[in-house]
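Observations on the model geometry
Given next are the chains, with one letter for each unit.
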Amino acid sequence: MIQRRTLLKSSAAAALGAPGLAALAQQSVTLKFHTFMPPQSNVWLTMHKAWMDKVEKDSGGRIRFEAYPAMQLGGTPVQLYDQAKDGVVDIVWTLPGNTAGRFPRIEVFELPFMMNNAEATSKAYWDYVQTMAPDEFKDTQVLALHVHGPGMFHTTDKLVKTAADLRGMKLRGPTRQITKMLGYLGATPVGMPLPGIPDALSKGTIDGCVIPWEVVPSVKVHELTKFHSEFDPAGGALYTTSFVMAMNKAKYNSLAPDLKKVIDANSGLATSAWLGKVQQGNDPAGRKAAEAVKGTTIYTIPAAEAQEFRRKARLVEVEWAEDMNKRGYDGKKLLEGARALIEKHGKGAPAAKKA
């Protein structure tokens, strides 16, 4: 009996001591998730937290998150991607366009009137990076790539009905292609990250901004502007912005195989599509918040008038393709490839509805 107990103990000890076996099977990890979005925003509540909750559930609680919205771990929105790359944090959600020109090939999705459905365009964006720009985010483990719903104008003192109305107005844009677009439309473009909008509007540094309905309440734009100009879906969407959710490569590679599978199952095409769908799905709530403010005017730019916006903004597309050629890429091929993917994933998908 004594000998048998000794053998059992020895066997158990050997099993537990087997290199990495038991340790990996029981490994738990806490991941730091960092972004610039405020904690009350729809993006944080319905996208980021929902994603983290699902990962925690799918991992049986072995993956947990320390969640930090509003740049609570320090730095600026511009530094987020490098925070993931350098291991300062584990996962970030950010705009590649915060670092102008660093991720040039994915800017194709931010060109004027490229998209009209965030879910379909997010699928196209994921496929495009896998097939046409596989090294664009090579320094991180990319978890998801997506876009928001149709961007539009929000202004303080002047209603935008035509492209001519933008002349001389100082308007905030989120990325270099969108600020270029604003310039060609006649506005004075001002580039700045999202968190800077409320202060800039309050001080009169800008006369307005372009953001989708969804994000309006999170930066109090409905309280700081009087006029909102959206586009009739038949005329297309003025623009969208691209986002990336990226993880530190070393942290990803250090995960136990089964935990990697959990992350993988919550990454990729389907997750990118889900993020785009949820974000655009929050547009009606943002519009409703604006409608509730006394004195608000919401104007729909008709499809016929959108053609003038398209005509003036087309130079952005031409310049982007030329820039890609100079960088050693085939700009025309990238543009056509992105459009083909948007069309492919958009078949059967609804166009952007008026919020």
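How each quantity is defined
- Residues numbered from 1 in each chain as written.
- Predicted model: local features only at pLDDT ≥ 70, side-chain atom pairs only at ≥ 80, totals over all residues.
- Heavy atoms only, no water.
- Helix = DSSP H or I, 4+ residues; strand = E, 2+ residues; numbered from the N terminus.
- Buried < 20%, exposed > 50% of the residue type's maximum accessible area, 1.4 Å probe, protein only.
- Polar contact = N/O pair within 3.5 Å; in protein donor to acceptor, adjacent residues only side chain to side chain.
- Contact = heavy atoms within 4.5 Å.
- pLDDT = per-residue confidence, 0-100.
- Pairing = 2+ DSSP bridges.
- Axes fitted to C-alpha atoms, helices over the stretch in contact; angles between N-to-C directions.
- Expected span 1.5 Å × (residues − 1).
- Bend = angle between axes of the 7 residues up to and from the residue.

1. Let's talk about the side chain of Thr 240
Structurally, the position occupied by Thr 240 is in the loop between strand E9 (227-231) and strand E10 (242-247). Its relative accessible area of 0% is what places Thr 240 among the buried residues. Reaching out from Thr 240, the side chain makes a polar contact with the backbone oxygen of His 148 at a distance of 2.6 Å. In this structure, Thr 240 is in contact with Phe 109, Glu 110, Met 115, Val 147, His 148, Gly 149 and Ile 178, ignoring residues within four places of it in sequence.

2. Considerations on the confidence of the model for the chain
In this model, the chain carries a mean pLDDT of 93, and residues with pLDDT of at least 70 account for 91%. pLDDT under 50 marks residues 1-18. Its contacts with residues more than four places away, or in other chains, come to 2 contacts.

3. Regarding unusual backbone geometry
The phi angle at Phe 113 is positive, at roughly 55 degrees, despite the residue not being glycine. Relative to the assigned elements, Phe 113 resides in the loop between strand E3 (91-94) and helix H5 (118-132). Look at Lys 220: it is not a glycine, yet its phi comes out positive at around 55 degrees. With respect to the helices, strands and loops of the structure, Lys 220 is situated in the loop between strand E8 (208-212) and helix H8 (221-224). Residue classification places Lys 220 among the partly exposed residues on the basis of a relative accessible area of 45%.

4. Structural notes on the sheet that holds strand E5 (residues 151-155)
Taken together, 6 strands build an open sheet; the order of strands is E7-E6-E8-E5-E9-E11 and the sheet is mixed. The open sheet has two edge strands with one neighbour each: strand E7 (188-191) and strand E11 (297-301). Strand-to-strand twist of the sheet, defined as the mean angle between neighbouring strand axes without regard to direction, takes the value 30 degrees. Pairing analysis gives 3 bridges linking E5 to E9, with the strands arranged antiparallel. Bridge pairing in E9 links Thr 155 to Phe 227.

5. Observations concerning the sheet that holds E3
Within a beta sheet, neighbouring strands are joined by backbone hydrogen bonds and run either parallel or antiparallel to one another. Taking strand neighbours across the sheet as the criterion, the 5 strands line up as E2-E1-E3-E10-E4 in an open arrangement whose pairing is mixed. The two strands at the open ends of the sheet, each matched to only one other strand, are strand E2 (63-68) and strand E4 (141-147). Across the sheet, the mean angle separating the axes of adjacent strands is 20 degrees when strand polarity is ignored. Note that E3 and E10 share 4 bridges and pair antiparallel. Across the sheet, the residue bridging to Val 92 is Ala 246, located in E10. Across the sheet, helix H3 (residues 42-58) is in contact with strand E1 (29-35), E2, E3, E4 and E10; its angle to E2 comes to roughly 160 degrees. Its contacts with the sheet place H5 against E4 and E10, and it is angled at close to 140 degrees to E4.

6. A few points about helix H13 (residues 303-326)
In an α-helix there are 3.6 residues to a turn, and that puts residues three or four apart on one side. Between the first and last C-alpha of H13 there are 35 Å, a value that for 24 residues agrees with the 34 Å anticipated at 1.5 Å per step. Lys 312 marks the point of greatest bend in H13, at about 35 degrees. For H13, every residue scored as buried is listed here: Ala 306, Phe 309, Ala 313, Val 316, Glu 317, Trp 320, Ala 321, Asp 323 and Met 324. Elements in contact with the buried residues of H13: H5, E5, helix H6 (176-184), E9, E11 and helix H14 (331-346).

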